[in-house]
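# Structural overview
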Amino acid sequence: MKIVIVACLLASLGFSSVIDDFLSSLKQEAIKENPSFKEFDYKRGEELFLSKHIGKKGELISCASCHGTDLNKSNQNYFTGKTIDALSPKANQKRFTDKADIEKWLKRNFNDVYNREGTAIEKGDVVTYIINK
Ligand code: HEC
């Protein structure tokens, strides 16, 4: 029993430190992008996640086209139809546990939807939305 409790504690600490580290490094970058930057913003993140754009493949899509609007549920990839597990860390413990993975997918997925990489402010806003939704 004790081992289970310790393992759970470590897992939860692991989660929060990856996400905290990631957001605080984005914040440093965000201040360089805009010296008057204050905080990442859920509302701006929501707008980024839900608004549609002509993406890399020439189709009008949003982040929600692949991840759905209920981030606690799995959804089908818009192009391949493959199931993508829930994006919210509340529903899916594997989310936001590996910084390299988060960065890789944000870079790729911003390109899919916005035809460019996200700025630090955009990435911080959208992650703030995803983890709190
Ligand atoms: C064309 C489909 C598609 C679109 C559009 C898309 N994603 Fe993804 N996303 C994926 C796939 C596939 C993965 C990797 C598989 C997985 O993690 O389940 C992924 C993974 C992620 C992850 C990794 C999370 C983690 O730690 O496991 C994040 C964050 C993410 N997407 C955010 C976004 C954001 C923000 C947008 C909009 C800018 C977006 N995605 C648009 C398909 C998409």
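Residues numbered from 1 in each chain as written. Predicted model: local features only at pLDDT ≥ 70, side-chain atom pairs only at ≥ 80, totals over all residues. Heavy atoms only, no water.

## As for the coordination of the iron atom of the ligand
- Taken together, the protein donors to the iron atom of the ligand comprise His67 (NE2) and Asn109 (OD1), at separations of 1.8 to 2.0 Å.
- One way to put it: the six donor atoms around the iron atom of the ligand meet at angles of 87 to 179°, and that makes the site octahedral. Residue histidine 67 is located in helix 3 (residues 64-67), and its partner asparagine 109 is located in helix 4 (residues 99-114); the two are separated by 42 residues in the primary sequence. (Donors = N, O, S within 2.8 Å, 3.2 Å for Na, K, Ca; no water. Tetrahedral: all angles 85-135°; square planar, octahedral: opposite > 155°, others 65-115°. Helix = DSSP H or I, 4+ residues; strand = E, 2+ residues; numbered from the N terminus.)

## Some thoughts on the layout of surface pockets
- Looking at the largest pocket, its volume works out to about 920 Å³.
- Residue lining of the largest pocket: 34 residues in total, with His67, Ile84, Trp105, Asn109 and Asp112 positioned closest to the centre.
- Taken together, the elements giving at least two residues each to the lining of the largest pocket come down to helix 3, strand 4 (83-84), helix 4 and helix 5 (120-132).
- Top element by residues in the lining of the largest pocket is helix 4. It accounts for ten residues. (1 Å grid on protein atoms, 1.4 Å probe; cavity = no way out; pocket = protein on both sides within 12 Å on 5 of 7 lines; lining within 4 Å. Points joined across faces, edges and corners; volume = space filled by probe spheres on them.)

## A word on helix 2 (residues 42-50)
- For helix 2, every residue scored as buried is listed here: Gly45, Leu48 and Phe49. Within helix 2, the buried residues cover an arc of 95° as seen down the axis, which keeps them to one side. Those residues of helix 2 that are exposed and aimed more than 90 degrees away from the buried face are Lys43 and Glu47.
- Buried residues belonging to helix 2 abut helix 3, helix 4 and helix 5.
- Looking at where helix 2 begins, the residue whose side-chain oxygen comes 3.2 Å from the main-chain nitrogen of lysine 43 is aspartate 41. (Buried < 20%, exposed > 50% of the residue type's maximum accessible area, 1.4 Å probe, protein only. Arc of directions from axis to C-beta. Contact = heavy atoms within 4.5 Å. Polar contact = N/O pair within 3.5 Å; in protein donor to acceptor, adjacent residues only side chain to side chain.)

## Focus: helix 4
- Between the first and last C-alpha of helix 4 there are 22 Å, a value that for 16 residues agrees with the 22 Å anticipated at 1.5 Å per step.
- For helix 4, the complete set of buried residues consists of Ile102, Leu106, Phe110, Val113 and Tyr114. Each buried residue of helix 4 lies within a common arc of 75° when the element is viewed along its axis, so the set occupies one face.
- Taking the backbone nitrogen of alanine 100 as reference, a side-chain oxygen 3.0 Å away marks aspartate 98 as the first, capping residue of helix 4.
- Once helix 4 finishes, asparagine 115 follows within two positions and takes phi at roughly 60°, a positive value. (Expected span 1.5 Å × (residues − 1).)

## So, the site of the ligand
- Taken together, 17 residues form the shell around the ligand, and within it Cys63, Cys66, His67, Arg95 and Asn109 come nearest.
- Of all the cavities here, the one that holds the ligand is the largest pocket.
- Only helix 3 and helix 4 provide two or more residues apiece to the shell around the ligand.
- Of the residues forming the shell around the ligand, the biggest block, five residues, is contributed by helix 4.
- Of the residues assigned to the shell around the ligand, the class counts are twelve nonpolar, four polar and one charged. (Near = heavy atom within 4 Å. Sits in = over half its atoms within 2 Å of the grid points. Nonpolar A, V, L, I, M, F, W, Y, C, P; charged D, E, K, R; others polar.)

## Structural notes on the pattern of salt bridges
- Taken as a whole, this structure holds eight salt bridges when the rule is applied.
- Where glutamate 117 meets lysine 107, a salt bridge forms, and the shortest distance between an N and an O atom there is 4.0 Å. Taken together, the positions of glutamate 117 in the loop between helix 4 and helix 5 and lysine 107 in helix 4 put the pair ten residues apart, joining distant regions of the chain.
- The class for lysine 107 is partly exposed, based on a relative accessible area of 45%. (Salt bridge = Lys/Arg side-chain N within 4 Å of Asp/Glu carboxyl O.)

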